[in-house]
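Examining the three-dimensional arrangement
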Amino acid sequence: MKEILKTERLLLRELNPGDAENFYKLNLNPNVIKYTGNSAFKDINEAKEFLENYQDYKLNGFGRWAVAEKSTSKFLGWCGLKYDQNLDETDVGFRFFEEYWNKGFATESAKACIDYGFESFNLKTIIGRAMSENLASIKVLKKIGLSFEKEFDFDDQNKGVIYKIEKQKSNPN
């Protein structure tokens, strides 16, 4: 288990096939995946296969990470960065079990991921994508410093928004 980041309350680590049950259960809740465009895994084995074949760490040095409570090691959800080669952009994303919503975990972990991306990978820009109706995620993106960039077609039925943050130039003084 490769630890990536620690925040005041959270530990972010690489996802692994041992997370399959939590990963499966997370996507089972229709409220959790309502605004994602994703569907639930058909079973734990499909989630395990996804995790076994997850290549982002190898390809980019970063990816989506498991988010656990520091004090208990309990799996709360995931958060992290994802590079899209086709669009040549990196986005920050997060997904948590519903019982952990409105506790600041998404904000705390996503802020840490943005800082990590700028400091450790010298990323210049990070975006956040959300369906326009997903006000909770948009609120998190704003809280962590992203600003509205543009609207886009999320899929055939839904409008989306893109928020963006750029790495601050360090002051030479």
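Our structure's up above, just so we're on the same page.
Residues numbered from 1 in each chain as written. Predicted model: local features only at pLDDT ≥ 70, side-chain atom pairs only at ≥ 80, totals over all residues. Heavy atoms only, no water.

Remarks on the nonpolar core
A general tendency of soluble globular proteins is for nonpolar side chains to be buried together. Core analysis: the largest hydrophobic core is formed by 49 residues, its most contacted members being Phe 23, Trp 65, Val 92, Phe 94, Cys 113, Ile 114 and Ile 126. With 8 residues, helix α5 (residues 105–120) is the largest single contributor of residues to this core. (Core = buried A, V, L, I, M, F, W, Y, C linked by side-chain atoms within 4.5 Å. Buried < 20%, exposed > 50% of the residue type's maximum accessible area, 1.4 Å probe, protein only. Helix = DSSP H or I, 4+ residues; strand = E, 2+ residues; numbered from the N terminus.)

Overview of the pairing of strand β8 (residues 159–166)
Bridge analysis of strand β6 (residues 125–131) against β8 gives 7 bridges, and the strand direction is antiparallel. Its bridge partner lying in β8, Met 131 is registered against Gly 160. The pairing of strand β7 (residues 147–153) with β8 spans 6 bridges and is classified as antiparallel. Within the sheet, the bridge partner assigned to Ser 147 lies in β8 and is Lys 164. (Pairing = 2+ DSSP bridges.)

Details of the layout of surface pockets
Taken as a whole, the largest pocket spans an internal volume of roughly 1,300 Å³. Along the walls of the largest pocket sit 44 residues, with Thr 36, Trp 78, Phe 94, Arg 95 and Ser 137 positioned nearest its centre. Where the lining of the largest pocket is concerned, the elements lending two or more residues are α1 (20–28), α2 (30–33), β4 (75–84), β5 (89–96), α5, β6 and α6 (135–143). Of the residues contributing to the lining of the largest pocket, the split by class is 21 nonpolar, 12 polar and 11 charged. (1 Å grid on protein atoms, 1.4 Å probe; cavity = no way out; pocket = protein on both sides within 12 Å on 5 of 7 lines; lining within 4 Å. Points joined across faces, edges and corners; volume = space filled by probe spheres on them. Nonpolar A, V, L, I, M, F, W, Y, C, P; charged D, E, K, R; others polar.)

Considering the packing of aromatic side chains
On inspection of all chains with the given rule, the structure shows 12 aromatic pairs. Centroid distance Phe 50 to Tyr 54: 5.9 Å. Interplanar angle 40°. Geometry classified as tilted. Under the relative-accessibility criterion, Phe 50 is labelled partly exposed at 37%. Measuring from ring centre to ring centre gives 5.5 Å for Tyr 116 and Phe 121, while their planes differ by 75°; the resulting arrangement is edge-to-face. Chaining the aromatic ring pairs together yields one cluster made of Phe 23, Phe 41, Phe 50, Tyr 54 and Tyr 57. (Phe/Tyr/Trp six-rings, centres within 6.5 Å; stacked < 30°, edge-to-face > 60°.)

Some remarks on unusual backbone geometry
One can expect most non-glycine residues to show negative phi and most peptide bonds to be in trans. The phi dihedral of Ser 73 is positive, around 65°, even though this residue is not glycine. When its relative accessible area of 54% is taken as the criterion, Ser 73 is described as exposed. Even without being a glycine, Asn 122 presents a positive backbone phi close to 50°. Residue placement: Asn 122 occurs in the loop between α5 and β6. The exposure class assigned to Asn 122 is partly exposed, which follows from its relative accessible area of 43%.

Some details on the side chain of Ser 137
Considering the arrangement of structural elements, one finds Ser 137 in helix α6. Discounting chain neighbours no more than four positions away, the residues touching Ser 137 are Phe 94 and Ala 130. (Contact = heavy atoms within 4.5 Å.)

As for the environment of Arg 13
Relative to the helices and strands, Arg 13 resides in strand β2 (residues 10–14). Residue class for Arg 13 comes out buried when judged on its relative accessible area of 9%. Sequence-distant contacts of Arg 13, defined by excluding residues within four places in its chain, comprise Met 1, Lys 2, Glu 3, Ile 4, Asp 19, Trp 65, Ala 66 and Phe 75.

With respect to the state of the cysteines
All told, the structure shown has 0 disulfides when counted by the stated rule. Cys 79 takes part in no disulfide bond, and the closest cysteine sulfur to it belongs to Cys 113, at a distance of 3.8 Å. Note on Cys 79: relative accessible area 0%, which makes it buried. Owing to a relative accessible area of 0%, Cys 113 belongs among the buried residues under this scheme. (Disulfide = S-S within 2.5 Å.)

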